[in-house]
Amino acid sequence: MTCAPGNAIAQSMTEDPTFSPALLPAGFVDLLTPDARTEAEGVATLMGVFASHGYNRVRPPLMEFEETLLAGAGAALAEQSFRIMDPDTRRMMVLRPDITPQIARMAATRLAGLPRPLRLSYAGTCVLVMPAKAEESGRQIMQTGIELIGPDSPQADAEVVCVAAEALAQLGVPGVSFDLTMPPFVPALLEEAGIAPTTRPALLRALDRKDAAAVAELGGPLAQTLIALLRAAGPAAQAVAALNSLTLPPKARAILQRLIDAVAAIAEQAPDLRLTIDPVEFRGWKYHTGVCVTVFAVGRAEELGRGGRYLCNDNEPACGLTFRPDVLFRMIPAAKALPRVYVAHGADRAAAAALRAKGYATLAALPATAGQQGDAQAEARHLGCSHILSGTTCTELA
């Protein structure tokens, strides 16, 4: 008898003494209890806050055709995308590495006729060719977020930040901080100030490294302004005061003013929110066109989420913010398991249903296999139950 090719591969793997059935590709993990339960309940909490502010949930597909997903804003994601040949159409498909471009596509096509502002929320899995950052190990990641499509104003930017802050507070994430930046600002400033194109890449690298000495050497007549921008980074109130004191070319001033106006709008809606500003940060914002935000927590290096302003596929203004639940849920207590009740043979079904309605998990007794003794209390303890239901009586195990 000849095995099919798939069976032959499976057989060779199982015959390999180094192979383990638990082995998974790098960056992919099984999520077990309580982590899986914490993620599910945490996502539900986030989505509930989003819904309470009028953000309607959508669910884009896990895969799309390459020419669709990697068009417009999605073009910046090409290097992070797994590609698969569709055996039906023979066209290339892409496993999404990010959900935001899909929201942009939906807004520009199927949702184009809905009134604006359009508020959408989402939660789903993404797959990356490589982790987004060196310190991250996951290639399968979870994303939840919101997108506000249509308005282009500081108040819209502020709404996204404040809704996100409320969601984190509801989740119980401590010490949250929102770091604001304006990626188009520095490139516009260098161009308007006449910095030579050959000098700009090295100067941008120096600004990215916060290397004041290199900035002074490469910045020419703009050096002192750029150093002042480096020093302005920090708590929002102090940063705004420092930025308002600078003399800037008209275009660069207008771009920076939008960031300052967004800070004022956020402070009006959420005066106690911890805000910081980094006016020269631009790295990592591939398709964003305006105010951007990164979410951190005090004492932790990894990002909790990020987002900002961009253009939908038909060049419609939009802004949004995406959370990383796999990071968020490491910062909160694990979700508690439901108390478990063992339902003995012959127990009242209505009584069991009433217990479930009160928040208990009921585990029904199953017929014993041949040779087993039917000890209900021993089986209840074996299954981690704290109570046993016999007839209509629920008794706590001693």
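How each quantity is defined
Residues numbered from 1 in each chain as written. Predicted model: local features only at pLDDT ≥ 70, side-chain atom pairs only at ≥ 80, totals over all residues. Heavy atoms only, no water. Salt bridge = Lys/Arg side-chain N within 4 Å of Asp/Glu carboxyl O. Buried < 20%, exposed > 50% of the residue type's maximum accessible area, 1.4 Å probe, protein only. Disulfide = S-S within 2.5 Å. Helix = DSSP H or I, 4+ residues; strand = E, 2+ residues; numbered from the N terminus. Polar contact = N/O pair within 3.5 Å; in protein donor to acceptor, adjacent residues only side chain to side chain. Axes fitted to C-alpha atoms, helices over the stretch in contact; angles between N-to-C directions. Parallel < 35°, antiparallel > 145°, perpendicular 65-115°, else oblique. Left-handed = near helix turned anticlockwise from the far one by under 90°. Contact = heavy atoms within 4.5 Å. Nonpolar A, V, L, I, M, F, W, Y, C, P; charged D, E, K, R; others polar. Pairing = 2+ DSSP bridges. pLDDT = per-residue confidence, 0-100.

**Some details on the pattern of salt bridges**
Line of reasoning, step 1. Across all of its chains, the model carries 16 salt bridges by this definition.
Line of reasoning, step 2. Across the pair E303 and R306 runs a salt bridge whose closest N-O atoms are separated by 3.1 Å.
Line of reasoning, step 3. Overall, R306 belongs to the partly exposed group, its relative accessible area being 24%.
Line of reasoning, step 4. Overlapping salt bridges, with partners in common, bring together D152, D157, R258 and R309 in one network.

**A short note on the state of the cysteines**
Line of reasoning, step 1. Evaluated as defined, the whole model comprises zero disulfides.
Line of reasoning, step 2. Among the cysteines around C319, which has no disulfide bond, C312 carries the closest sulfur, lying 10 Å off.
Line of reasoning, step 3. Taking relative accessible area as the criterion, C319 reaches 2% and is therefore assigned buried.
Line of reasoning, step 4. You can see C394 has no disulfide; the closest cysteine sulfur is in C385, sitting 10.0 Å from it.

**Some points on the side chain of R309**
Line of reasoning, step 1. Assignment of secondary structure puts R309 in strand β11 (residues 305–311).
Line of reasoning, step 2. Polar side-chain contacts of R309 include one of 3.3 Å to the backbone oxygen of P151.

**A few points about the packing of helix α5 (residues 154–171) against helix α11 (residues 250–269)**
Line of reasoning, step 1. Here α5 crosses α11 at 50 degrees, and the two axes come no closer than 8 Å. The pairing of α5 with α11 is recorded here as oblique in orientation. Handedness of the α5/α11 crossing: right-handed. Residues P154, Q155, D157, A158, E159, V161 and C162 of α5 form the contact with α11, whose participating residues are R258, D261, A262, A265, I266 and Q269.
Line of reasoning, step 2. Here the contact of α5 with α11 is built from residues that sort into seven nonpolar, two polar and four charged.

**A look at the pairing of strand β6 (residues 140–149)**
Line of reasoning, step 1. Here β6 lies mainly inside the structure; nine of its ten residues are buried.
Line of reasoning, step 2. Pairing of strand β5 (residues 118–127) with β6 involves ten bridges; the strand directions are antiparallel. Pairing of G124 across the sheet is with Q143, part of β6.
Line of reasoning, step 3. Taken together, the six bridges between β6 and strand β12 (residues 317–323) define a ladder with antiparallel strand orientation. Pairing of T144 across the sheet is with F323, part of β12.

**Section: the confidence of the model for the protein chain**
Line of reasoning, step 1. Taken over all residues, the pLDDT of the protein chain has a mean of 90, while the share at 70 or more is 92%.
Line of reasoning, step 2. Least confident of the elements in the protein chain is helix α1 (residues 5–15), whose mean pLDDT is 51; most confident is strand β1 (residues 56–57), at 98.
Line of reasoning, step 3. For the stretch residues 1–6, pLDDT sits under 50, and the model shows two contacts to residues farther than four places along the chain or on other chains.

**Focus on the environment of D208**
Line of reasoning, step 1. Position of D208 among the secondary structure elements: in helix α7 (residues 200–208).
Line of reasoning, step 2. On the accessibility criterion, D208 (24% relative accessible area) is partly exposed.
Line of reasoning, step 3. Taking the C-alpha atoms as reference, D208 lies 28 Å from E159; in sequence the two are 49 residues apart.
Line of reasoning, step 4. Those residues in contact with D208 that lie beyond four places of it in its chain are E281, F282 and R283.

**Let's talk about the sheet that holds strand β13 (residues 340–343)**
Line of reasoning, step 1. Taken in spatial order, the four strands line up as β14-β13-β15-β16 in an open sheet, and their pairing is mixed. Here the strands that pair on one side only, and so sit at the sheet edges, are β14 (361–364) and β16 (393–396). When the angles between neighbouring strand axes are averaged without regard to direction, this sheet yields 30 degrees.
Line of reasoning, step 2. Relative to strand β15 (residues 387–390), β13 runs parallel, the two sharing three bridges. By the bridge assignment, V343 is partnered in β15 with L389.

**Quick word on unusual backbone geometry**
Most peptide bonds take the trans configuration, and most residues that are not glycine carry a negative phi.
Line of reasoning, step 1. That bond from T33 to P34 is cis: its omega, 10 degrees, falls within 30 degrees of zero.
Line of reasoning, step 2. By secondary structure assignment, the location of P34 is in the loop between α1 and α2 (35–52).
Line of reasoning, step 3. Between R116 and the following residue, P117, the backbone shows a cis peptide bond with an omega angle of 0 degrees.
Line of reasoning, step 4. Positive phi is not limited to glycine here, since R90 has a value of about 65 degrees.
Line of reasoning, step 5. Mapping R90 onto the fold places it in the loop between β3 (82–85) and β4 (92–95).
Line of reasoning, step 6. Overall, R90 belongs to the exposed group, its relative accessible area being 57%.
Line of reasoning, step 7. The phi angle at K210 is positive, at roughly 60 degrees, despite the residue not being glycine.

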